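Topology and contacts: notes
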Amino acid sequence: MDNARKYLKCYMEKAEKHFKDWGSYYPPRAWEEFEEWNTKTFLKHLRANKSDVIKTKSYVGLLDSTKEFGFYMAFQKPDYEMLNNVLYQTSRQKLLDGGMTASGADHCRLLMDATSAFACNDFEIIDCFFPKELPHSKGVFYTEVSVNLLKVLYYKENDLREEAIRKANEFLGKKISLWEKYVVSYFLSLIDRNSEEASACLLELCKAYQKLGETGPMMASKLKKCFASEIHGLYRFARIVGEDFFNKITRPDYTGFLDEFETWQKEHNYPKGKLFYRYPAEMGYMNKIFEASLPMVALKEYDEIKKIVDVEKFAADLTANVARLSDAPCGRTADQGG
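Residues numbered from 1 in each chain as written. Predicted model: local features only at pLDDT ≥ 70, side-chain atom pairs only at ≥ 80, totals over all residues. Heavy atoms only, no water.

1. Re the overall build of the protein
Helix and strand counts for the protein come out as 16 helices and two strands. Relative to the compact-globule value of 20 Å for 338 residues, the protein shows a C-alpha radius of gyration of 20 Å, a close match. Projecting the C-alpha coordinates of the protein onto the three principal axes gives extents of approximately 55 × 50 × 40 Å. Counting contacts in the protein only where the partners sit at least 6 residues apart, residues at least 24 apart contribute 69% of the total. Split by element, the accessible area of the protein, about 15,900 Å² in all, is 51% carbon and sulfur. A gap of 2 Å separates the mean positions of the 49 positive and 50 negative side-chain charges of the protein. (Helix = DSSP H or I, 4+ residues; strand = E, 2+ residues; numbered from the N terminus. Rg over C-alpha atoms; globule rule 2.2 N^0.38 Å. Contact = heavy atoms within 4.5 Å. Areas by Shrake-Rupley, 256 points an atom, 1.4 Å probe, with all protein chains shown as cover. Lys, Arg positive; Asp, Glu negative; His and termini not counted. Charge placed at Lys NZ, Arg CZ, Asp CG, Glu CD.)

Right under this line is the structure:
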């Protein structure tokens, strides 16, 4: 069974189970159910007056029915332009939510959400979520090691290259999971411009992805395993290194990786995604959140040796950016494809 059909099957099984357990279908199976869930969320949690920052955090954190429904709609056709747009909206929302949610970690924890953004060619998020101004991380976790390497590549930080490689190789010498090993190894292969190694890492990542559990720091549900957006994003990041190098990488032929989506990307010159869905007027604040400029992640002292994301500043900055937008009405328009 191909990935799209498998996604649709798993999606309906999940919706039916929710109905059996709770008497309602979730995730939603049609536009009407999708909008009904949004309306219920709005009436129960968002309609009451709140301070602007709490309002921003609540909208981003609670209006999240798009995360599975959008993929369901795109895979029905399949419509790869819609899929690109769903990736844009859902990855942006996850990153914004991550920037405002306390976790006791630094910005590198957002790496995998960022790779989903890369899958729709939304690379501008790097400047805001992994800004050049922030120092390289200590390299305790695979995300930290990988972000160091990502910044070397993206910002051409040649002066920090050898130290980032040293930390990566040191990390690879530890007892780590296959997922951690091949994410770090993949970024090293990009540093080395080794297309064969990059190809091998992508295949191993596909295998490791299917073995991920549904809990833990890196998790993948049954639905997510049908479409590993993070691996598409890692693959697409190689275009940052160079088009010629990228073209030498072999796409993985494995469950969860949609070769047809990558063919569509190439045929359409790798377009950046856009919003898949605009909310109706009463929820128009969410549209403005998506339209607002992205804040830049900042860190703050947690203790004598540790820094964490300043989530309060991020939420306040995002709220201020929303406030700067004009008060033009945000009526409902959705790319519903009929």
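Text resumes after the structure shown.
2. Comments concerning the packing of aromatic side chains
One pass over the structure, following the stated rule, counts 30 aromatic pairs. With a centroid separation of 5.0 Å and 80° between ring planes, the pair formed by Phe 34 and Tyr 277 is classed as edge-to-face. With a gap of 243 residues between them, Phe 34 in helix H2 (residues 31-46) and Tyr 277 in the loop between helix H14 (259-267) and helix H15 (284-291) connect regions that are remote in the sequence. Using a relative accessible area of 0% as the deciding quantity, one classes Phe 34 as buried. For the cation-ring pair, Lys 55 lies above Tyr 285, with the distance from its terminal atom to the ring centre recorded as 4.3 Å. (Phe/Tyr/Trp six-rings, centres within 6.5 Å; stacked < 30°, edge-to-face > 60°. Buried < 20%, exposed > 50% of the residue type's maximum accessible area, 1.4 Å probe, protein only. Lys NZ or Arg CZ within 6 Å of the ring centre and 35° of its normal.)

3. Some details on helix H8 (residues 142-155)
The end-to-end C-alpha distance of H8 is 20 Å, a good match for the 20 Å that 14 residues give at a rise of 1.5 Å each. With 13 of 14 residues buried, H8 lies mostly within the body of the structure. (Expected span 1.5 Å × (residues − 1).)

4. Describing the side chain of Asn 38
Here Asn 38 shows up in helix H2. The exposure class of Asn 38 is buried, given its relative accessible area of 1%. In this structure Asn 38 touches Leu 63, Ser 65, Tyr 277, Tyr 279 and Met 283, once residues within four positions along its chain are discounted.

5. What about helix H6 (residues 111-118)?
Taking burial as the measure, the eight residues of H6 include eight buried ones, the bulk of the element. Among the residues making up H6, those that are buried are Leu 111, Met 112, Asp 113, Ala 114, Thr 115, Ser 116, Ala 117 and Phe 118. The secondary structure elements touched by the buried residues of H6 are helix H5 (80-100), helix H7 (125-129), H8, helix H10 (178-191) and helix H12 (229-241).

6. Quick word on the side chain of Thr 90
Within the secondary structure layout, Thr 90 lies in helix H5. Within the local environment of Thr 90, its side chain forms a polar contact with the backbone oxygen of Leu 87, the two atoms lying 3.5 Å apart. When sequence neighbours within four positions are dropped, the list of residues in contact with Thr 90 reads Thr 66, Lys 67 and Phe 71. (Polar contact = N/O pair within 3.5 Å; in protein donor to acceptor, adjacent residues only side chain to side chain.)

7. Observations concerning the packing of H5 against H15
Where H5 contacts H15, the axes come no closer than 11 Å and their chain directions differ by 90°. Relative to H15, the element H5 is oriented roughly perpendicular. Within the contact between the two elements, H5 uses Gln 89, Arg 92, Gln 93 and Leu 96 and H15 uses Met 286, Ile 289 and Phe 290. For the contact of H5 with H15, the per-class residue count stands at four nonpolar, two polar and one charged. (Axes fitted to C-alpha atoms, helices over the stretch in contact; angles between N-to-C directions. Parallel < 35°, antiparallel > 145°, perpendicular 65-115°, else oblique. Nonpolar A, V, L, I, M, F, W, Y, C, P; charged D, E, K, R; others polar.)

8. Quick notes on the pattern of salt bridges
Here the structure, examined in full by the defined rule, presents 26 salt bridges. Three or more residues are tied together by salt bridges with common partners; here these are Arg 92, Asp 122, Glu 124 and Lys 272. (Salt bridge = Lys/Arg side-chain N within 4 Å of Asp/Glu carboxyl O.)

9. Re the state of the cysteines
Scanning the model with the defined rule gives zero disulfides in all. Here Cys 128 is not disulfide-linked; the sulfur of Cys 120 is the nearest cysteine sulfur, at 14 Å. Here Cys 206 is not disulfide-linked; the sulfur of Cys 201 is the nearest cysteine sulfur, at 11 Å. Taking relative accessible area as the criterion, Cys 206 reaches 0% and is therefore assigned buried. (Disulfide = S-S within 2.5 Å.)

10. Things to note about the confidence of the model for the protein
Confidence in the prediction of the protein, expressed as mean pLDDT, is 93, and 95% of residues score 70 or more. Within the model, pLDDT remains below 50 along residues 328-338, and this stretch shows 30 contacts once partners closer than five positions in the same chain are excluded. (pLDDT = per-residue confidence, 0-100.)

11. Quick look at the packing of helix H9 (residues 161-172) against H10
Relative to each other, H9 and H10 sit at 150°, their axes nearing to 10 Å. The angle between H9 and H10 places the two elements in the roughly antiparallel class. Taken as a pair, H9 and H10 cross one another with a handedness that is left-handed. The segment H9 lies against H10, with Arg 161, Ile 165, Ala 168, Asn 169, Phe 171 and Leu 172 engaging Glu 180, Lys 181, Val 184, Ser 185, Leu 188 and Ile 191. Residues of the contact of H9 with H10, tallied by class, amount to seven nonpolar, two polar and three charged. (Left-handed = near helix turned anticlockwise from the far one by under 90°.)

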